[in-house]
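Observations on the three-dimensional arrangement
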Amino acid sequence: PSVVINFPTKSTSDRDIQVIKANFSGNSLLVFNTHWKSKWGGNDALRIYTAKKLRERIKQERKKDQYVDIIVLGDFNTAYYERPLLALGATGNKRKMLKTSIKSLYNLWYDLKVEERWEHSFNGVRSTLCHILLSDTLFNHRGLQYVDHSFRVVGHRKSEAKTLLGPEGIPFRWQISREKGLY
């Protein structure tokens, strides 16, 4: 079942989180696909509320199966270092994540150099909205395994960059790209 999000205030629409469960050779994988509320209005409270609901669900799933592999991904509408992701338990410290009893999720943006941690630009400021977060079980060499440093952003380099970025290195918006006949 989805992670049901019922915001305390009904001034905005709820966005439930989709959940997919798959089995690979006896290994359980849970994928949470999310799209959090935007920063329109500058309020982190709704994204933090969503993070806490998701964190609760992950704890429930881990009680059922401590070795379940978990991937949380989607448009979080927040940068990789901001409070909503911290409320979810996201971290950039793999060693700490693997050694602590408090279960964290590793944010793949931390596999990249700081100057490469971006996938969009707003008013000339590069940042992140979308994330892929992985459970510690994807690093424990049993069952499914994340290949260290295999994360990359499509569009940053070579021919991809020529197609997806303008001369200043700013991503084309899809509407502008289409108008200019770029795809």
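For clarity, every value in this text was computed on a predicted model and none was experimentally measured. (Residues numbered from 1 in each chain as written. Predicted model: local features only at pLDDT ≥ 70, side-chain atom pairs only at ≥ 80, totals over all residues. Heavy atoms only, no water.)

**Observations concerning the overall build of the protein**
The helix and strand tally for the protein stands at five helices and eight strands. Moving toward the C terminus, one meets the helices and strands of the protein in the order β-β-α-β-α-β-α-β-β-β-β-α-α. Split into buried and exposed, the 183 residues of the protein put 41% on the buried side. The long-range fraction of contacts in the protein, counting pairs at least 24 apart against all pairs at least 6 apart in sequence, stands at 61%. For the protein, the computed accessible surface area is about 11200 Å², with 54% contributed by carbon and sulfur atoms. (Helix = DSSP H or I, 4+ residues; strand = E, 2+ residues; numbered from the N terminus. Buried < 20%, exposed > 50% of the residue type's maximum accessible area, 1.4 Å probe, protein only. Contact = heavy atoms within 4.5 Å. Areas by Shrake-Rupley, 256 points an atom, 1.4 Å probe, with all protein chains shown as cover.)

**Notes on the sheet that holds strand 2 (residues 27-35)**
On the basis of which strands lie adjacent, the open sheet formed by six strands has the order 1-2-3-8-5-4 and mixed pairing. Either end of the sheet is taken by a strand with one partner, and the two such strands are strand 1 (18-24) and strand 4 (90-91). Two strands pair when backbone bridges link them, and strand 4 and strand 5 (residues 105-107) are joined in this way by two bridges, in the parallel orientation. Within the sheet, the bridge partner assigned to Thr-91 lies in strand 5 and is Tyr-106. (Pairing = 2+ DSSP bridges.)

**Thoughts on the environment of Asp-16**
With respect to the helices, strands and loops of the structure, Asp-16 is situated in the segment before strand 1. Assessed through its relative accessible area of 41%, Asp-16 is described here as partly exposed. Considering only alpha carbons, one finds Asp-16 and Leu-54, 38 residues apart in sequence, at a separation of 9.8 Å. Setting aside chain neighbours within four positions, we find Asp-16 in contact with Ser-2, Val-3, Val-4 and Ile-5. For Asp-16, the side chain forms a polar contact with the main-chain nitrogen of Ile-5, separated by 2.8 Å. (Polar contact = N/O pair within 3.5 Å; in protein donor to acceptor, adjacent residues only side chain to side chain.)

By themselves, these figures tell us nothing about what the structure is for.
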